[in-house]
Structure formats: structure tokens, C-alpha cells
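Coordinate inspection notes
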Amino acid sequence: RKRARGADVMLRAGCEVVRRVASRGATAARVQGSAATKSALAAPVARSGVVPRADVAIHNCCSTRGFAGASAASSGHGHGHGGSGDTTETIDVTFHEKDGSVTTVKAPIGQSMLEVAHRNDIELEGACEGSLACSTCHVIINSTQVYDSLPEPDDDENDMLDLAFGLTETSRLGCQVFASKEIDGMVLSLPKATRNFYVDDFVPKPH
């Protein structure tokens, strides 16, 4: 009886070993089959760039996310410079020109009135190109309140203003007045004439 029981135990143990080996073999086969399937799908993509139908949804999802990430990186931030649109902050500035016409333009924050005028084809001179060596960009600010809100002119600007034609209490050099939110809506008048000590009738081209 003892021998019979021992043989029975050994038989059961052997069956269990065979079952486990068979199970592991089936698992390995599934893994290999999965790897082979992935390789088969990847091969056409590497050769032709065409994504198999089974992977189209996943591929499109990844591509979309990648494109969105690249777009965000290229824009840099949600406002200001960058991206496809120009989001530079601007203010409104109105020029009363020499011929009596009135022109309102958008002036980017930080840009001088001389630059703003040249970029918008407004006939404001600037023979020295903003180097504080002439008075040809002389402008008259039409509001004392706006004039008082500006930084005071330094000695170099005052020296040039003394040479300006038609000097007033609210005269400034356009190259020294910079766009800021505090002067949004500013109105400037251009004098009927200028004193150009460089070349008569000289009007610089916009940069």
C-alpha cells in the first residue's frame, strides 16, 4: 500500500510539472506572437511611412499631441510676441499733419513717435535719425496733461528744442517721446516748418 501511495504521489507531481511547463510554453508563444505582430506592423511603416489600419487611431492621436506640443513651443507663451499673430501691445496716437490732414495710427509700446511716424508714412523729419543732433522731429503735444505725464526732457533735448521752428510750451522731439499706456490717445501736431541744418528739403526714408 505504501508503495502504491508513493507511486500515486509521484504521478500527480509529474502531471503538475507537465502542466506548468505546458502553461509557460503557451505564454511564451503568445509573447512571441505579439512581438512578431508588432514587427510586422512596424516594417511597412519604416519602408513606406504608411500606418497600418489597426494602428491609425493611435498614430493620429500621437501625431496630434506632438503637433500641439510643437505649436505651443513655437509660440513660447500665450501673449506678446510670437506665434502666427502679432500680439504686441499698442496705443492710439493721432497726428495732425502739415497739410491739415489727421491720421490716427497704432503705436507699439516702447516705440518713439519718430519711428511711429516713419512706419506710417507721416511726414515727420528726423535728419539726425534720433541721435539728438537736430530739431527736425519737433512735435507739439496738444494736451498739457499728456505733456506733464511724460518724463522731462534732458539738457540735450532742450538744447535742440531751442533751435526748433515754432517752439511752444508743449513742444518735444519726436525721437524722445515713447509710446506708453499712460499716453494712450495722445494727439500731436507737426509744425508747418522745420529748421534743418543738414540739407534743405531733406526728408529721411523710414528704416
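Residues numbered from 1 in each chain as written. Predicted model: local features only at pLDDT ≥ 70, side-chain atom pairs only at ≥ 80, totals over all residues. Heavy atoms only, no water.

**Focus: the overall build of the chain**
When its secondary structure is counted, the chain shows 5 helices and 5 strands. If you list the helices and strands of the chain from N to C, you get α-α-β-β-α-β-α-α-β-β. Once local pairs closer than 6 in sequence are excluded, the contacts in the chain between residues at least 24 apart make up 60%. On the chain, roughly 14,000 Å² of surface is accessible, and the fraction owed to carbon and sulfur atoms is 55%. (Helix = DSSP H or I, 4+ residues; strand = E, 2+ residues; numbered from the N terminus. Contact = heavy atoms within 4.5 Å. Areas by Shrake-Rupley, 256 points an atom, 1.4 Å probe, with all protein chains shown as cover.)

**A short note on the pairing of strand S2 (residues 102–108)**
Note that strand S1 (residues 90–96) and S2 share 7 bridges and pair antiparallel. Across the sheet, the residue bridging to Phe-95 is Thr-103, located in S2. Joining the antiparallel neighbours S1 and S2 is a turn of 5 residues, in which Gly-100 adopts a positive phi near 95 degrees. (Pairing = 2+ DSSP bridges.)

**A word on the pattern of salt bridges**
According to the stated counting rule, one finds 3 salt bridges in the structure shown. Between Lys-181 and Glu-89 there is a salt bridge, with the nearest N and O atoms lying 3.1 Å from each other. Pair noted here: Lys-181 is in the loop between strand S4 (171–173) and strand S5 (186–189) and Glu-89 is in the loop between helix H2 (56–75) and S1, with a separation of 92 residues, a long-range link. According to the relative accessible area criterion, Lys-181 is exposed, its value standing at 57%. Classification of Glu-89 by relative accessible area gives partly exposed; the value is 47%. A salt bridge links Glu-157 to Arg-172; its shortest N-O distance comes to 2.8 Å. With Glu-157 in helix H5 (residues 155–161) and Arg-172 in strand S4, this residue pair connects regions lying 15 residues apart in the sequence. In terms of burial, Glu-157 and Arg-172 fall into one category: buried. (Salt bridge = Lys/Arg side-chain N within 4 Å of Asp/Glu carboxyl O. Buried < 20%, exposed > 50% of the residue type's maximum accessible area, 1.4 Å probe, protein only.)

**Re the side chain of Ser-135**
As for its placement among the helices and strands, Ser-135 is situated in the loop between helix H3 (113–119) and strand S3 (138–141). When near neighbours in sequence (up to four residues on either side) are disregarded, Ser-135 contacts Met-160, Leu-163, Ala-164, Leu-173 and Arg-195.

**Observations concerning the pairing of S3**
Because side chains alternate across S3, one face comprises the buried residues His-138 and Ile-140, and the other comprises Val-139 and Ile-141, equally buried. By the bridge criterion, 3 bridges tie S3 to S4 in an arrangement that is antiparallel. Bridge pairing links Val-139 to Arg-172 in S4. The sheet contact formed by S3 and S5 spans 2 bridges and is antiparallel. Directly across from Ile-140, in S5, lies its bridge partner Ser-189.

**Observations regarding a negative patch on the surface**
Taken together, Asp-154, Asp-155, Asp-156, Asp-159 and Asp-162 make up a surface patch of like negative charges. Within the secondary structure, Asp-156 is located in helix H5. Judged by its relative accessible area of 46%, Asp-156 is partly exposed. (Patch = residues over 30% accessible without salt bridge, like charges linked within 9 Å, V, L, I, M, F, W, Y side chains within 5 Å. Lys, Arg positive; Asp, Glu negative; His and termini not counted. Charge placed at Lys NZ, Arg CZ, Asp CG, Glu CD.)

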